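# Summary of structural features
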Amino acid sequence: MRASRRLGQNFLTDEEIAHRQVSLAEPLGDDVVLEIGPGLGVLTAPLLERSRELVAIEKDRRLGAFLKDRFPDLDLIVGDALKVDIPPFQKVVSNLPFEISSPITFRLLDLGFQKGVLMYQKEFAERLVSREGQKAYSKLSVVVSYRADARIVETVPKDRFFPVPKVDSAIVEIVPRDPPFRVESEDHFLKLVDALFKHRRKKMGNSVLLHWQDLFETEDEARSYLRDAEWSDERVERMSPAQIARISNGIITKG
Ligand code: SAM
C-alpha cells in the first residue's frame, strides 16, 4: 500500500516512542482515549492494551479496513476528524496528520479534555509552546496559552518515520485549563492578536492602525487612541499574552 502524502501519512516506526507517548497520558483509569489518524496502528496497539476505552478516527478507508482486520474490537470511526462527531473523551494521544495541525488542535480544545499527548512537526510544536521573546513566539502561542499549558516533551528525528518526512517532529503535552487572565471580548482579543502577528516586526500602533476596522469604530478613533497608548511603539514579539489581553480590554473599555 502506498502512503498518501496528501493525508500526511508518515508512519512512526519506533515502538518505544509510541510506548512513551502512552505513558505520558497515564494513569488512564476509566478515561476514554481518543486517537486521531491511527494509520497502521503503532500507537493504537499500546493504547488498546493500556486503556479501557479507545476511540480512533481514520480518514483513509484503506487504512480503516486494515485496522479493522488488525484490531477487530477497536471502536473505529472512518472519516475526517475535522468533520465527524467526536464523542466525549478525557485523553487524546495522536501522531497528527500535519496538514490539519492547527484546525484539529482548536477543535480538540473546543471539545475539551484533560490531557493531550500530540506529535506535530517540530516547527509547529515550537510555535505552539513559545513565550514572548522567543523566536517562534506566534499567534498560535498566544491563543493556545490562553486555553492550556503546553510543553515539548521530546523531539523525534525524522528517520523514525516511514516514509521519512522532510522535517523532525516533536511530542507536545497539552493540559487545558481556565484562562490565566481576563479577556473582555474573546472576539476582540483574537482579532487584536491576529492584527499584531500579521506584522510582527512593525510597531504595534502601526499594525493596529492597518486593521482599525476590526478593532475600533472609526479610523479617527483609532488614531486618537493610539496617540496616547504607551504600547504604540512596542513590538508584539516582547508582549506577553496577558499584556495583549490588557491592551484589548483597554481598547474595548477605552481605558
Ligand atoms: N498514528 C500513525 C503513526 O503514528 O504511525 C499514523 C500517523 S500519520 C502522521 C497521520 C494519519 O492520519 C494517517 O493515518 C492519515 O491517513 C490520517 N489522517 C489524515 N488526515 C486525517 C483526517 N482529516 N482525519 C482523520 N485521519 C486523518
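Cut-offs applied
- Residues numbered from 1 in each chain as written.
- Predicted model: local features only at pLDDT ≥ 70, side-chain atom pairs only at ≥ 80, totals over all residues.
- Heavy atoms only, no water.
- Near = heavy atom within 4 Å.
- Polar contact = N/O pair within 3.5 Å; in protein donor to acceptor, adjacent residues only side chain to side chain.
- Areas by Shrake-Rupley, 256 points an atom, 1.4 Å probe, with all protein chains shown as cover.
- 1 Å grid on protein atoms, 1.4 Å probe; cavity = no way out; pocket = protein on both sides within 12 Å on 5 of 7 lines; lining within 4 Å.
- Sits in = over half its atoms within 2 Å of the grid points.
- Helix = DSSP H or I, 4+ residues; strand = E, 2+ residues; numbered from the N terminus.
- Nonpolar A, V, L, I, M, F, W, Y, C, P; charged D, E, K, R; others polar.
- Points joined across faces, edges and corners; volume = space filled by probe spheres on them.
- Phe/Tyr/Trp six-rings, centres within 6.5 Å; stacked < 30°, edge-to-face > 60°.
- Buried < 20%, exposed > 50% of the residue type's maximum accessible area, 1.4 Å probe, protein only.
- Domains from an automatic or database assignment.
- Contact = heavy atoms within 4.5 Å.
- Buried area = accessible area lost by both parts, 1.4 Å probe.
- Salt bridge = Lys/Arg side-chain N within 4 Å of Asp/Glu carboxyl O.
- Axes fitted to C-alpha atoms, helices over the stretch in contact; angles between N-to-C directions.
- Parallel < 35°, antiparallel > 145°, perpendicular 65-115°, else oblique.

## Overview of the site of the ligand
Near the ligand there are 23 residues, and of these Q9, L12, G37, E58 and N95 occur at the shortest range. Contact between the ligand and L12: an oxygen atom at 2.8 Å from a main-chain N or O atom of the residue. Take D80: an N or O atom from its side chain is 2.9 Å from a nitrogen atom of the ligand. In isolation the ligand exposes 600 Å². Once the protein is present, 98% of that is buried. Its atoms largely coinciding with the cavity grid, the ligand occupies the largest pocket. Mapped onto the shell around the ligand, the elements with two or more residues apiece are β1 (11-12) and β3 (53-58). Each residue belonging to the shell around the ligand can be placed in one class, and the counts come to 11 nonpolar, 7 polar and 5 charged.

## Some points on the layout of surface pockets
What the largest pocket holds in volume is close to 600 Å³. Surrounding the largest pocket, 37 residues form its lining, G37, P38, G39, E58 and N95 being those nearest its centre. Of all elements in the fold, only β1, α1 (15-25), β2 (32-36), α2 (44-50), β3 and α3 (61-70) reach the threshold of two or more residues within the lining of the largest pocket. In terms of residue count, α2 provides more of the lining of the largest pocket than any other element does, 3 residues in total. For the lining of the largest pocket, the per-class residue count stands at 19 nonpolar, 9 polar and 9 charged. The volume enclosed by the second largest pocket comes to roughly 310 Å³. Every residue lining the second largest pocket is counted, 14 residues in all, and those nearest its centre are R5, N10, V164, P165 and K166.

## Observations concerning the packing of aromatic side chains
In total, this model carries 7 aromatic pairs according to the counting rule given. Pairing Y137 with F197 gives two aromatic rings, centres 5.5 Å apart and planes at 80°, and the pair type is edge-to-face. Within this pair, whereas Y137 is found in the loop between α5 (122-129) and α6 (139-147), its partner F197 is found in helix α7 (residues 186-198), the two being separated by 60 residues in sequence. Y137 gets classed as buried once you look at its relative accessible area, which sits at 0%. You can call F197 buried: its relative accessible area is 11%. Consider the rings of F181 and F189, whose centres lie 6.0 Å apart with planes at 70°: the pair is edge-to-face. The exposure class of F181 is buried, given its relative accessible area of 15%. One aromatic cluster is present, built from ring pairs that chain together Y146, F181 and F189.

## Thoughts on the domain arrangement of the protein chain
Domain annotation for the protein chain reports domain 1 (11-176) and domain 2 (186-253). Taken together, the contacts link 11 residues of domain 1 with 14 residues of domain 2. Of the roughly 1000 Å² buried between domain 1 and domain 2 on both sides combined, carbon and sulfur atoms contribute 64%. For the pair domain 1 and domain 2, the number of links is 1 salt bridge. Where domain 1 packs against domain 2, one counts 5 residue pairs in polar contact (both at pLDDT 80 or more).

## Looking at the packing of α5 against α6
The geometry of α5 relative to α6 is characterised by a closest axis approach of 6 Å and an angle of 55° between their N-to-C directions. What the angle tells us is that α5 and α6 run oblique. Every residue of α6 that contacts α5 at F124, R127 and L128 is listed here: L140, S141 and V144. Partitioning the contact of α5 with α6 into residue classes produces 4 nonpolar, 1 polar and 1 charged.

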